[in-house]
Amino acid sequence: MIFLDAAATTPVRREVLEAMWPYLSGDFGNPSSHHSLGDAAAAALAGAREATAKALGCRPGEVIFTAGGTEADNLAVKGIALARRAADPRLDRVAISAVEHPAVEESARYLERVHGFAVDVVPVDRYGQVSEEALAAVLRPETALVSVMYANNEVGTVQPVARLAALARGLGIPFHTDAVQAAGWLPLDVRGLGVDALSLSGHKLGAPKGCGALYVRGRTRLEPLIHGGGQERGRRSGTENVAGAVAMATALGLAGPSQREASARVAALRDDFIAEVLTGVPGAFLTGHPADRLPSVASFCFPGTSGESVLLELERQGVICSSGSACAAGSDEPSPVLLALGIDAEVAQTAVRFSFDASVTAAELREAAAAVRTAVGSIRTLGPTSPQ
Ligand code: PLP
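## With respect to the pattern of salt bridges
Overall, the coordinates contain 18 salt bridges when judged by the stated rule. Across the pair Asp88 and Arg90 runs a salt bridge, and its minimum N-O distance is 3.2 Å. Close ionic contact of Asp271 with Arg270 constitutes a salt bridge, the shortest N to O distance being 2.9 Å. When its relative accessible area of 38% is taken as the criterion, Asp271 is described as partly exposed. Residues joined in a network through salt bridges with shared partners are Arg59, Glu62 and Arg191.

## Overview of the sheet that holds strand S12 (residues 351-355)
Note on sheets: strands pair through backbone hydrogen bonds, and any given pair is parallel or antiparallel. Taken together, 3 strands build an open sheet; the order of strands is S9-S10-S12 and the sheet is antiparallel. Strands with a single pairing partner mark the edges of an open sheet, and in this sheet they are strand S9 (285-286) and S12.

## A few points about the environment of Ser32
Along the chain, Ser32 turns up in the loop between helix H1 (14-24) and helix H2 (36-56). Classification of Ser32 by relative accessible area gives partly exposed; the value is 41%. C-alpha separation for the pair Ser32 and Ala42, spaced 10 residues apart in sequence, amounts to 7.1 Å. The residues contacting Ser32, other than those within four sequence positions of it, are Gln231 and Glu240.

## Quick notes on the layout of surface pockets
The space that makes up the second largest pocket amounts to roughly 450 Å³. Ranked by residues supplied to the lining of the second largest pocket, first place goes to helix H8 (residues 242-280) with 6 residues. When residues of the lining of the second largest pocket are assigned to domains, at least three map to each of domain 1 (2-6 + 258-382) and domain 2 (14-254).

Cut-offs applied
Residues numbered from 1 in each chain as written. Predicted model: local features only at pLDDT ≥ 70, side-chain atom pairs only at ≥ 80, totals over all residues. Heavy atoms only, no water. Salt bridge = Lys/Arg side-chain N within 4 Å of Asp/Glu carboxyl O. Buried < 20%, exposed > 50% of the residue type's maximum accessible area, 1.4 Å probe, protein only. Pairing = 2+ DSSP bridges. Helix = DSSP H or I, 4+ residues; strand = E, 2+ residues; numbered from the N terminus. Contact = heavy atoms within 4.5 Å. 1 Å grid on protein atoms, 1.4 Å probe; cavity = no way out; pocket = protein on both sides within 12 Å on 5 of 7 lines; lining within 4 Å. Points joined across faces, edges and corners; volume = space filled by probe spheres on them. Domains from an automatic or database assignment.

Following this line, the structure appears as structure tokens:
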């Protein structure tokens, strides 16, 4: 099998598993316990927080461990917007881009539905990018928060986060970015990016599912979403997932030093793959930005097919990929992201995403490109095969 669905999830790295193991076995203590086992767990948690802060260029106290990217996004969007409105009732709007992951989009819709906020959706261009002008056009004195993702999970487009964050912060509006897909590929230095909050997920980086982190800048007000024993300085209650925090920190630490080299190498392989697919499959087109895109994502539409049937045919040939976003489980609606890029609904149903981790090879991608050519060709000739 050639696994080209790393944007959905990645296997746990051996080094990560080994780093976690002590906190799942011998040193299994609760970090709040006042005995030696508790102390060992508390020390591991503090170490993980320091290492995560180092990877983000922030202070350890600015890192909140969560149960994944979805929770980090929820805490950022709801937590910051609700806290700001509690301090000033006029702050009753949030601005998000048109291509956010549902974890951000649905958090904003919850604020609208339950708390009476207005949601301003910032349009994107045909490559999925938000311009400063488009963001400036929706910002108002009542805007409590802006959330624009760092890199898109479906088409791989990278946003000009530093410029957008500078614009929002210049107006005194906190800026959150979902960096779940960017981690491992793009710089995560939160001061350089100028963001007030940034979300991460462990399982896209070689840590297990169900662990993540949220950076929140020093004095940013944050309303907790999970109440209880006051862990994570009262910002996220619940006995800490010590092994998960260690996993998150270890995965970030492993990705950091090789990030530039891995990004350059994989981007070159991606470009060859894109060129091979586009020359081999008449009518195919790339979705997302041609240059400002994640090294790890190549996404296409194959008019005259259905994305699902291409996926099935490719799996038969030993290539695993995704027909859109695995995060919107079970949905056969056309992707809202592709619609936001102006792609026709019928054509959006023909989307297929290939996403790689740093171990991908030129030979695998050559084989995958040949499989795509055969799969699309046979579907166009014979019609879609039915799932078995
Ligand atoms: N944000 C983006 C951009 C994602 O791609 C994903 C996962 O697919 C998430 C958030 C959610 O992260 P998690 O699966 O850890 O909840």
